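Below, each chain spelled out in residue letters.
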Amino acid sequence: MTIPPLSSEARPGLAPGVRLTFDKARDRWVVLAPERVLVPDETALEILQRCDGAKQVDAIIDELATAYSADRSEIEHDVKDLLASLIEKRIVTA
Amino acid sequence: MNEATNPSPPLAALLELTHRCPLQCPYCSNPLELERAKGELSTAEWLRVLDEAAELGILQVHFSGGEPAVRRDLPDLVAHARKIGLYSNLITSGVTLDQPKVARLKEAGLDHVQLSIQDVDHQTAAFIANYPGVQGKKLAFARMVKEAGLPLTINAVINRHNITRVERMIDLAVALGAGRVEMAHAQYYGWAIKNRAALMPTLEQVHEASRHVDSARERLRGQIVIDYVLPDYYARQPKACMGGWGRQFLNITPSGEVLPCHAAQTIPGLVFESVRHKPLGEIWASSPAFERFRGTDWMPDLCRTCDQREVDWGGCRCQALAVVGDAAATDPACALSPKNAALRALADDAASQPPPDFVYRRMTPHDSKAALVTTTS
């Protein structure tokens, strides 16, 4: 099965059974999923924190491009790449 | 570096609430000497253990057994786990839960359900679990889980009786709406080692199953996550058992003993401490059983000088004991172990014979005799 490309209008959210939470003992954010604990890097965390099931991919890209004063097309590439891989791993749904 | 003096906190705990279970699977991970109900930790004790686990830095708890749902306080334990921020997973056979109970667990804040299946074939499933009609109950339970809106993993233990249907088991998981499926070759400790000849597939069957898993992964990309656990007896490289002894994981038995892995009690000379007598954090940091194989200092030269020592952490201690007779030996699943060929021969030998009858998982003969006395008096 091929995965359809992520649309700019999609509204990504955390998949069922997945929680983004702050790990006090280790002073870092973690993604808790079935039989998995993932530690997002700074960029992944910024993206995951915006995956609320309401915000569109486009809006997430806009926000990050502003926050980092970065080139929008570069951010778009990073965001879509990461979301596609998280969707395949069923950490995110869209 | 030796981690023994200051271990980082564990990520997850397997909480065996009880050894009671309606099924009798011959590959059960519980010890041969099953613990009785009267020795189980009370609700108050488990609640305290959950607090200590969260405080220690544990992020995920797996409520397991036996069948954890035979404990009536399961929803209270789940609710408490949720309240203190622990991610909770229910590892269940599914046969004792009805729709209201599933709804109660969902309300309590359960994060995830892992349902075991024995096969897709109803008759073989009943034969493996020694429980007539088991498959129908499991399928009904899976539907209740999905209706309650809970995420579902299906897991199956691969053995010679179901190995030709691995791909169909994966397809069943998809049909049941599971987001994840775990296909694990039997691991030979406890009950499974007693049933090794009755469970062992041939190498050819293993290769065939692996090909089916690969093609299912390709076919079902994005639809379901497939975790596949390879069989040690045909391996050339050991697994990082438990992610390394005393590194990420602990196991608590029904009576409160804290173990580095569920089979650790098979290793003679290890002394386990109980949450009844000591805080969990203290046991994790300094219990001699955890320190015994933590880090790399305990390793035989072959392992201590190997560049994989912090990848596989020396593999499985219980397997070294079971096959080599020494828990501190190199895991025989490693191609560099002098016993690797012997391990393989054990598997080939077992798989080439017709399967003997199962020794089903039951309470000890002593216990069944006691029950017989009660029922006939």
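Nothing here was measured: the structure is a model prediction, and the numbers come from that model.

Rules used throughout
Residues numbered from 1 in each chain as written. Chains lettered and ligands numbered in written order. Predicted model: local features only at pLDDT ≥ 70, side-chain atom pairs only at ≥ 80, totals over all residues. Helix = DSSP H or I, 4+ residues; strand = E, 2+ residues; numbered from the N terminus. Rg over C-alpha atoms; globule rule 2.2 N^0.38 Å. Buried ≥ 20, exposed ≤ 12 C-beta atoms within 10 Å, placed from the backbone. Contact = placed C-beta atoms within 7 Å. Nonpolar A, V, L, I, M, F, W, Y, C, P; charged D, E, K, R; others polar. Pairing = 2+ DSSP bridges. Axes fitted to C-alpha atoms, helices over the stretch in contact; angles between N-to-C directions. Core = buried A, V, L, I, M, F, W, Y, C linked by C-beta atoms within 7 Å. Expected span 1.5 Å × (residues − 1). Arc of directions from axis to C-beta. Right-handed = clockwise from strand over helix to strand, strands pointing away.

> I'm lost on the overall build of chain A in this one. Help?
Across its full length, chain A carries three helices and five strands. Counting from the amino terminus, helix and strand elements in chain A follow one another as β-β-β-β-α-α-α-β. Over its C-alpha atoms chain A spans a radius of gyration of 13 Å, differing by no more than 12% from the 12 Å that the globule rule assigns to 94 residues. Looking at the 94 residues of chain A, the share that counts as buried comes to 24%. Looking at chain A alone, contacts between residues at least 24 apart form 53% of all its contacts between residues at least 6 apart.

> Got a minute to help me understand the interface of chain A and chain B in this structure?
Reports often express the size of an interface as the amount of accessible area lost when the parts come together. Listed by partner, the interface residues are 18 residues for chain A and 20 residues for chain B. Among the secondary structure elements, those contributing two or more residues to the side of chain A that touches chain B are strand S2 (19-23), strand S3 (28-33) and helix H3 (72-88) of chain A. Looking at the side of chain A that touches chain B, the element that brings in the most residues is S2(A), giving three residues. Split by residue class, the side of chain A that touches chain B holds 10 nonpolar, two polar and six charged.

> Explain the environment of Ser274(B) here, please?
All names here are of chain B. Relative to the helices and strands, Ser274 resides in the loop between strand S9 (258-259) and helix H10 (280-286). Given 15 C-beta atoms within a 10 Å radius, Ser274 is considered partly exposed. Sequence spacing of Ser274 and Pro75 is 199 residues, and the spatial spacing of their C-alpha atoms is 24 Å. Not counting residues up to four positions away in its chain, the partners in contact with Ser274 are Gly256 and Glu257.

> Hey, could you run me through the sheet that holds S2(A) in this one?
Two pairing modes exist for strands in a sheet, parallel and antiparallel, and in both the strands are linked by backbone hydrogen bonds. All names here are of chain A. The strand order S2-S3-S4 describes an open sheet built from three strands, whose pairing is antiparallel. With partners counted over all chains shown, the strands left at the sheet margins are S2 and strand S4 (36-38), one partner each. Neighbour-to-neighbour, the strand axes of this sheet turn through a mean angle of 35°, independent of strand direction. Sheet topology places S2 next to S3; five bridges connect them, and they run antiparallel. Note on S3: the bridge partner recorded for Asp23 is Arg28.

> What exactly am I supposed to notice about the nonpolar core here?
Buried together is how nonpolar side chains tend to be arranged in soluble globular proteins. The biggest cluster of nonpolar side chains holds 129 residues, and the ones touching the most others in it are Ala13(B), Leu50(B), Ala53(B), Ile58(B), Val61(B) and Met169(B). Among all residues touching Met169(B), those that are not within four sequence positions of it are Ile117(B), Val120(B), Ala156(B) and Met183(B).

> It is not clear to me how the pairing of strand S8 (residues 249-252) of chain B should be interpreted in this structure. Could you clarify?
Where a strand is regular, its side chains alternate between the two sheet faces. Residue and element names in this part refer to chain B. Where burial is concerned, the two faces of S8 agree: the one with Phe249 and Asn251 and the one with Leu250 and Ile252 are both buried. Two elements, strand S1 (residues 12-16) and S8, share four bridges in a ladder whose sense is parallel. If you follow Leu14 over to S8, its bridge partner there is Asn251. Connecting S8 to the antiparallel partner S9 that follows it, the hairpin turn spans five residues, and Gly256 within it adopts a positive phi of roughly 100°.

> Would you take a moment to explain the sheet that holds S9(B) for this structure?
Residue and element names in this part refer to chain B. Overall, mixed pairing links the nine strands, which are arranged S7-S6-S5-S4-S3-S2-S1-S8-S9 in an open sheet. In the strand order of this sheet, the two ends are held by strand S7 (225-229) and S9, each with one partner. Pairing analysis gives four bridges linking strand S2 (residues 60-64) to strand S3 (residues 87-92), with the strands arranged parallel. Counted as the bridge partner of His62 is Asn89 from S3. Across the sheet, helix H5 (residues 134-147) touches strand S4 (112-117) and strand S5 (152-158), and the angle it forms with S4 is around 165°. Packing of helix H9 (residues 203-219) onto the sheet brings it into contact with S5, strand S6 (180-185) and S7, and relative to S7 it is tilted by some 165°.

> Looking at this structure, I do not really get the environment of Ile154(B). What am I missing?
Residues and elements named next belong to chain B. The topology assignment puts Ile154 in strand S5. Residues Ile154 and Leu343, 189 residues apart in the sequence, show an inter-C-alpha distance of 30 Å. Non-local contacts of Ile154, meaning those with residues more than four positions away in its chain, are made with Leu115, Ile117, Ala173, Leu176, Ala178 and Val181.

> Just to check I follow, could you spell out unusual backbone geometry for this structure?
Trans peptide bonds make up the majority, and among non-glycine residues the majority have a negative phi. Residue Gly65(B) is joined to Gly66(B) through a cis peptide bond whose omega torsion reads 10°. Secondary-structure assignment places Gly66(B) in the loop between S2 and helix H2 (74-83). Phi angles above zero are rare outside glycine, and Arg90(A) is one such case at about 60°. Here Arg90(A) lies in the loop between H3 and strand S5 (92-93). Unlike most non-glycine residues, Met242(B) shows phi in positive territory, near 60°. Tracing the backbone shows Met242(B) in the loop between S7 and S8. The exposure class of Met242(B) is buried, given the 25 C-beta atoms found within 10 Å.

> It is not clear to me how H9(B) should be interpreted in this structure. Could you clarify?
The periodicity of an α-helix, 3.6 residues per turn, causes residues three or four places apart in sequence to face the same way. All names here are of chain B. Between its first and last C-alpha, H9 extends 24 Å over 17 residues, near the 24 Å set by a 1.5 Å rise per residue. Listing the buried residues of H9 in full gives Val206, Ala209, His212, Val213 and Ala216. Down the axis of H9, the smallest arc covering the buried residues is 120°, so these residues share one side. H9 presents Glu204, His207, Arg211, Asp214, Ser215 and Glu218 as exposed residues on the side facing more than 90 degrees away from its buried surface.

> Any chance you could explain the packing of helix H6 (residues 166-175) of chain B against H9(B) here in plain terms?
Two packed helices can be described by the angle between their axes and the distance between those axes. Residues and elements named next belong to chain B. Running from amino to carboxyl end, H6 crosses H9 at an angle of 30°, the nearest separation of the two axes being 8 Å. Residue-level contacts link Val166, Glu167 and Ile170 of H6 to Ala209, His212, Val213 and Ala216 of H9. Along the lines of polarity and charge, the residues of the contact of H6 with H9 split into five nonpolar, one polar and one charged.

> Can you help me understand the pairing of S6(B) in this one?
Residue and element names in this part refer to chain B. Burial analysis of S6 places five of its six residues in the buried class, which makes it a mostly covered element. Relative to S6, S5 runs parallel, the two sharing six bridges. By the bridge assignment for S6, Asn155 is matched with Glu182. Running through H6, the crossover from S5 to the neighbouring parallel element S6 is right-handed. In this sheet, S7 lies alongside S6 in parallel orientation, the contact comprising five bridges. Opposite Glu182, over in S7, you have Asp227 as the bridge partner.

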